[in-house]
Amino acid sequence: MSGLLRFAFALHIHQPVGNFDHVFREHVDEVYRPFLSETRRRGFRPITLHVSGPLLDWLEDHDAALLDEIGREVADGQIELIGSGRYEPILAALPHSDRIEQVQWMRSALTERFGTAPLGLWLTERVWEQDLAADLSAAGVEYTLLDDRHFLAAGLERDALDRPYSTEADGRRLTLLSIDERLRYLIPFAPVEQIVNFLQARFDDSAHALVLGDDGEKFGGWPGTRRWVYERGWLVSFLDAMERLRADGVVELVTTGDVAHQPSGGLAYPSPGSYREMEGWTLPRAANLELERLRGVVDEKHPSIRGGHWRGFQARYPLSNRMHKSALALSRLCRERGDPLGARRAIGRAQCNDAYWHGVFGGVYLPHLRQAVWRELATAEALLRSGEPLTVEIVDHDYDGLDEVRVHGENLSAVISPARGGGIESLLRLESGENDADVLARHHEAYHGDPGLAPPWEEVRELWSARVDDGEASSPTAETDDGTPSIHDLEPRLRPAPLAI
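An account of the accompanying structure is given in this report. Source: prediction; values computed, not measured.

The rules behind these values
Residues numbered from 1 in each chain as written. Predicted model: local features only at pLDDT ≥ 70, side-chain atom pairs only at ≥ 80, totals over all residues. Heavy atoms only, no water. Helix = DSSP H or I, 4+ residues; strand = E, 2+ residues; numbered from the N terminus. Contact = heavy atoms within 4.5 Å. Areas by Shrake-Rupley, 256 points an atom, 1.4 Å probe, with all protein chains shown as cover. Buried < 20%, exposed > 50% of the residue type's maximum accessible area, 1.4 Å probe, protein only. Polar contact = N/O pair within 3.5 Å; in protein donor to acceptor, adjacent residues only side chain to side chain. Core = buried A, V, L, I, M, F, W, Y, C linked by side-chain atoms within 4.5 Å. Phe/Tyr/Trp six-rings, centres within 6.5 Å; stacked < 30°, edge-to-face > 60°. Lys NZ or Arg CZ within 6 Å of the ring centre and 35° of its normal.

## Some words on the overall build of the chain
Counting its regular elements, the chain contains 19 helices and 14 strands. Long-range contacts, defined here as pairs at least 24 residues apart, represent 72% of the contacts in the chain between residues at least 6 apart. Carbon and sulfur atoms make up 52% of the accessible area of the chain, which totals about 20000 Å².

## Digging into unusual backbone geometry
Of the consecutive residues R45 and P46, the connecting peptide bond is found in the cis state with omega at 5°. With respect to the secondary-structure elements, P46 resides in the loop between α1 (21-41) and β2 (47-51). Across the junction of I187 and P188, the peptide omega takes the value 0°, indicating a cis bond. Assignment of secondary structure puts P188 in the loop between α7 (181-186) and α8 (192-204). Although it is not a glycine, S206 sits at a positive phi angle of roughly 60°. Take S206: it is sitting in the loop between α8 and β8 (209-215).

## Structural notes on the environment of W357
Here W357 is to be found in the loop between α16 (341-350) and α17 (367-384). For W357, a relative accessible area of 1% gives the class buried. Here the alpha-carbon distance between W357 and T282, two residues 75 residues apart in the chain, equals 7.8 Å. Reaching out from W357, the side chain makes a polar contact with the side chain of N353 at a distance of 2.8 Å.

## Some points on the nonpolar core
Core analysis: the largest hydrophobic core is formed by 59 residues, its most contacted members being L91, W128, L136, W310, W357 and L377. Listing elements by their share of this core, those giving two or more residues are α5 (132-138), α6 (148-152), β6 (165-169), β7 (172-179), α12 (276-281), α15 (318-336), α16 and α17.

## Examining the packing of aromatic side chains
Aromatic ring pairs are defined here through the distance separating the ring centres and the angle between the ring planes. The final tally for this structure, using the stated rule, is 18 aromatic pairs. Taking the centre distance of 6.1 Å and the plane angle of 65° together, the rings of W310 and F313 count as edge-to-face. Owing to a relative accessible area of 0%, F313 belongs among the buried residues under this scheme. Aromatic ring contacts, followed pair by pair, group F7, F9, F35, F44, F219, W234 and F238 into a single cluster. When the ring centre of F114 is taken as origin, the NZ or CZ atom of R113, which lies over that ring, is 5.7 Å away. Positioned above the aromatic ring of Y87 is the side chain of R349, whose terminal nitrogen or guanidinium carbon lies 5.9 Å from the ring centre.

Here you go:
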């Protein structure tokens, strides 16, 4: 290895199944294409890129030229593509066979489109459970990326995370790379000088490698970032600085695959979980506020102070759980009935993660994303139950320890809950794909004020007041010469301090 700091820049771009066409188009035109074009023009290569399956499908139908541009760079070795589950599911929430199938679907899609099979994997929302190591390896994955807190919470030292680690499950090995959370918060929100100082300090510490893996939407899609990244010149300044660091022999740009092939730091068993914010969002309100209070007392980023696992959303939002358990039931039925491809693919699309959770991101409150899941489930069930008479069965459909009545046939699928007064939990019409019980009441979230107290409307207006500037809603009061706030920085400012824990 050279004495330079090897810097791997990994970009993840994604839009969910069921999102509006105009959202896809705006992000392609105003975020993804400008960033890829400008970084290519300035020679900020190589980089690693993950294009999610739903976005890949949309681009194939609406903007294949962008895929062609990416393909040329892949062929030239300037972009390394990494895979994922085909329709961007939370892999830990799927049956083992579905996990492997989703990953192999994506490998096949990328191989067919770009002529190369990815060796790395973007782990959706970085939701990790140890048994994923075996399934990912079985699906042909050599390495994946986790947040550094997965390693820190397991007892590894931060300075030791500048190299890949090995892990295993069921006799199969997987290489793991650590995403540096500090860099994830600096880029692109901090002034470039702070980023340069951070990279220089890591070089001075003789660090072997540094990995950034993050959402492409932060480069123009998050509130205020389009103005900051492009109009205020952050991107130009960043690329200038990277040119200087490379010329000065400080930084060498590499792909995540290059880092994965460095000498291993040894065996590691990362803690299960996700990134720091997700572990708070998945908790009920009181526990979330307590977690934030503890972090503030001890250390906001202390890795031993953990929140919940992503699966907690299924307990918090019964509607999310019903969607998830309906997909599980249909997946089993599909396998029992010969796995017809149309039904299997519809189930795969219904496993797209966004409609199942809520935080600063996530879309359980977005009807069009939930409706997209139900439509896919209806498509699958209609294919699987074609010609089937109306049938009634007693089963614990949602795994809460209480039996439900499940009614299904070739036109209808319904779940009724005697324990909840005979409530109709789901009423899915298979021909139209509409679930008449797809109704979500607003939950008391952590960012809401306490009942009976006036909400902080003035602060909300100040932070989120929209200014029409080239069609972008931004937060003009928050941006300064010291940087622009991340969406994670804005979230707690909308939340009043808890009065009682």
